[in-house]
Amino acid sequence: MKRVLITGGAGFLGSHLCDKFIEEGYEVICMDNFITGSPDNIVHLFDNKRFKFVNYDVTNYIYVEGHLDYILHFASPASPIDYLKFPIQTMKVGSLGTHKTLGLAKAKGARFLLASTSETYGDPLVHPQVETYWGNVNPVGIRGVYDEAKRFAEALTMAYHRFHNLETRIVRIFNTYGPRMRFEDGRAIPAFVSQALQNKDVTVFGDGMQTRSICYVDDLTEGIYRLLLSDEVEPVNIGNPNELTILDLAKEIIELTNSKSKIIFEELPSDDPKVRQPDITKAKKLLNWEPKIDRKEGLLKTIEDFKRRMKV
Ligand code: UDP
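The rules behind these values
- Residues numbered from 1 in each chain as written.
- Predicted model: local features only at pLDDT ≥ 70, side-chain atom pairs only at ≥ 80, totals over all residues.
- Heavy atoms only, no water.
- Core = buried A, V, L, I, M, F, W, Y, C linked by side-chain atoms within 4.5 Å.
- Buried < 20%, exposed > 50% of the residue type's maximum accessible area, 1.4 Å probe, protein only.
- Helix = DSSP H or I, 4+ residues; strand = E, 2+ residues; numbered from the N terminus.
- Contact = heavy atoms within 4.5 Å.
- Pairing = 2+ DSSP bridges.
- Axes fitted to C-alpha atoms, helices over the stretch in contact; angles between N-to-C directions.
- Right-handed = clockwise from strand over helix to strand, strands pointing away.
- 1 Å grid on protein atoms, 1.4 Å probe; cavity = no way out; pocket = protein on both sides within 12 Å on 5 of 7 lines; lining within 4 Å.
- Points joined across faces, edges and corners; volume = space filled by probe spheres on them.
- Nonpolar A, V, L, I, M, F, W, Y, C, P; charged D, E, K, R; others polar.
- Near = heavy atom within 4 Å.
- Polar contact = N/O pair within 3.5 Å; in protein donor to acceptor, adjacent residues only side chain to side chain.
- Areas by Shrake-Rupley, 256 points an atom, 1.4 Å probe, with all protein chains shown as cover.
- Phe/Tyr/Trp six-rings, centres within 6.5 Å; stacked < 30°, edge-to-face > 60°.
- Lys NZ or Arg CZ within 6 Å of the ring centre and 35° of its normal.

Caption draft 1: View of the nonpolar core. Ranked by size, the top nonpolar core spans 60 residues in total, and within it Phe 21, Val 28, Leu 72, Phe 74, Phe 192, Ile 224 and Leu 249 carry the most contacts. At seven residues, the largest contribution of residues to this core is made by helix 7 (residues 246-256). Not counting chain neighbours up to four residues away, the residues in contact with Leu 72 comprise Val 4, Leu 5, Ile 6, Thr 7, Leu 17, Phe 21, Leu 113, Ile 224 and Leu 228.

Structure, rendered in structure tokens:
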């Protein structure tokens, strides 16, 4: 049986990946130290004989018994608020954690997939962002801890590939949303949905004219699965090119939740990217993948999940 290790497996994306690999018939080892992940995201898998959970901080030496076919390194705080709260852990898991998981992949002869990010492009001067763009990142800004850790992680992954001939894959993940996001993780979609469901003010930062392009989580996990099984070593963008302003996103969520919330404007955090949209030509061509779930459908599924968990 194929065995896969997913670090950060109790997080938002990690737990959806655990589900995907269980569905595909793999044995899944999920590692997480619950800094930002939660047992709630994986509790439904605990009875499954092909699922094993290990509570561990992957910035330390990792021991796994038996063979491993794949390692997916998804451990990291991933929202701007989380990496402000845990700046050192964010840098450690992107650097030391990537080193340890790459070392494990080499020892086991496993294929390694790095969860990288559209943040490697920073506040981009090329739009939409294509994989060959090197980015515009402020290393000493508040987002620097995440952006630079992920850029370092990409460089280290390529070094293991080139020097040790390790089989590696790099996915650059763009804004993703869906069930299981934490209400308080500070990102736009969970913030707006939980505010709207409670008829509280919806907090738009800046004038709301900055754009993002949002991908439903099931589309993302399918793209990552295909990339893992492909032959592509260079980074691949996975995301939904459907771009909108944050103000329009706030309005849409208020409408879809039938909320009485009003929009209020708050200060824009520094280095907040002005635009973001993935160029997914490469993923389309190489992986025969493109997102299938449209925004309304995805947002409604997310709202349903939030309603259930918030008991509203
Ligand atoms: N944002 C906002 N209100 C919030 C949270 C976020 O207006 O309560 C904005 C944020 O400033 C950014 C965009 O929404 O411009 C997306 O932010 P998010 O934290 O979701 O992720 P990012 O794409 O910035 O990493």
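Caption draft 2: Quick peek at the sheet that holds strand 5 (residues 111-117). The strand order across the open sheet formed by seven strands is 3-2-1-4-5-6-11, and the pairing between neighbours is parallel. Of all strands in the sheet, those with a lone pairing partner are strand 3 (51-55) and strand 11 (236-238), marking the two edges. For this sheet the average axis-to-axis angle between neighbouring strands, irrespective of direction, equals 20 degrees. Note that strand 4 (residues 70-73) and strand 5 share four bridges and pair parallel. Residue pairing across strands places Tyr 70 opposite Arg 111, the latter belonging to strand 5. The strands that helix 3 (residues 87-108) touches are strand 1 (3-7), strand 4, strand 5 and strand 6 (168-173); relative to strand 4, the one it contacts most, it runs at about 180 degrees.

Caption draft 3: Summary view of the environment of Trp 134. Mapped onto the elements of the fold, Trp 134 is located in the loop between strand 5 and helix 4 (144-164). Residues Trp 134 and Tyr 83, 51 residues apart in the sequence, show an inter-C-alpha distance of 22 Å. Every residue in contact with Trp 134, bar those within four places of it in the chain, is listed here: Thr 120 and Arg 151.

Caption draft 4: Region of interest: the pairing of strand 1. Of all five residues in strand 1, five are buried; the element is thus mostly enclosed. Burial of strand 1 is two-sided: the residues Arg 3, Leu 5 and Thr 7 facing one way and the residues Val 4 and Ile 6 facing the other way are all buried. By the bridge criterion, five bridges tie strand 1 to strand 2 (residues 27-32) in an arrangement that is parallel. Note that in strand 2 the partner of Leu 5 across the bridge is Ile 29. Regarding the hand of the β-α-β motif, the stretch spanning strand 1, helix 1 (residues 12-23) and strand 2 is right-handed. Of the pairings in the sheet, the one linking strand 1 to strand 4 comprises four bridges and is parallel in character. Its bridge partner being in strand 4, Leu 5 is matched across the sheet by Ile 71.

Caption draft 5: Structural context of the layout of surface pockets. Reported here for the second largest pocket is a volume of approximately 300 Å³. Contributing to the lining of the second largest pocket are 16 residues, with Glu 131, Trp 134, Glu 154, Arg 172 and Pro 235 lying nearest its centre. Elements supplying a minimum of two residues to the lining of the second largest pocket: helix 4 and strand 6. Take the lining of the second largest pocket: its biggest share by element is five residues, from helix 4. Here the residues of the lining of the second largest pocket are counted per class, giving seven nonpolar, two polar and seven charged.

Caption draft 6: Seen up close, the site of the ligand. Taken together, the neighbourhood of the ligand is formed by 19 residues, with Thr 203, Phe 205, Arg 212, Asp 272 and Arg 276 sitting nearest. Between the ligand and Glu 119 there is a distance of 3.5 Å, counted from an oxygen atom to a side-chain nitrogen or oxygen. Within the side chain of Asn 175, an N or O atom sits 2.8 Å from an oxygen atom of the ligand. When the ligand sits alone it has 510 Å² of accessible area, and the protein chains cover 94% of it. Secondary structure elements with two or more residues in the shell around the ligand: helix 5 (188-197) and strand 8 (202-205). When the residues that make up the shell around the ligand are grouped by side-chain class, the tally is nine nonpolar, four polar and six charged.

Caption draft 7: Examining the packing of aromatic side chains more closely. Evaluation of the coordinates by the stated rule reveals eleven aromatic pairs. Seen in terms of ring centroids, Phe 21 and Tyr 26 are 4.9 Å apart; in terms of plane orientation they differ by 80 degrees. Their pairing is edge-to-face. Side by side, Phe 21 and Tyr 26 carry an identical accessibility label, which is buried. One aromatic cluster is present, formed by Phe 21, Tyr 26, Tyr 70 and Tyr 225 through successive ring pairs. When the ring centre of Tyr 225 is taken as reference, the NZ or CZ atom of Lys 20 above it lies at 4.7 Å.

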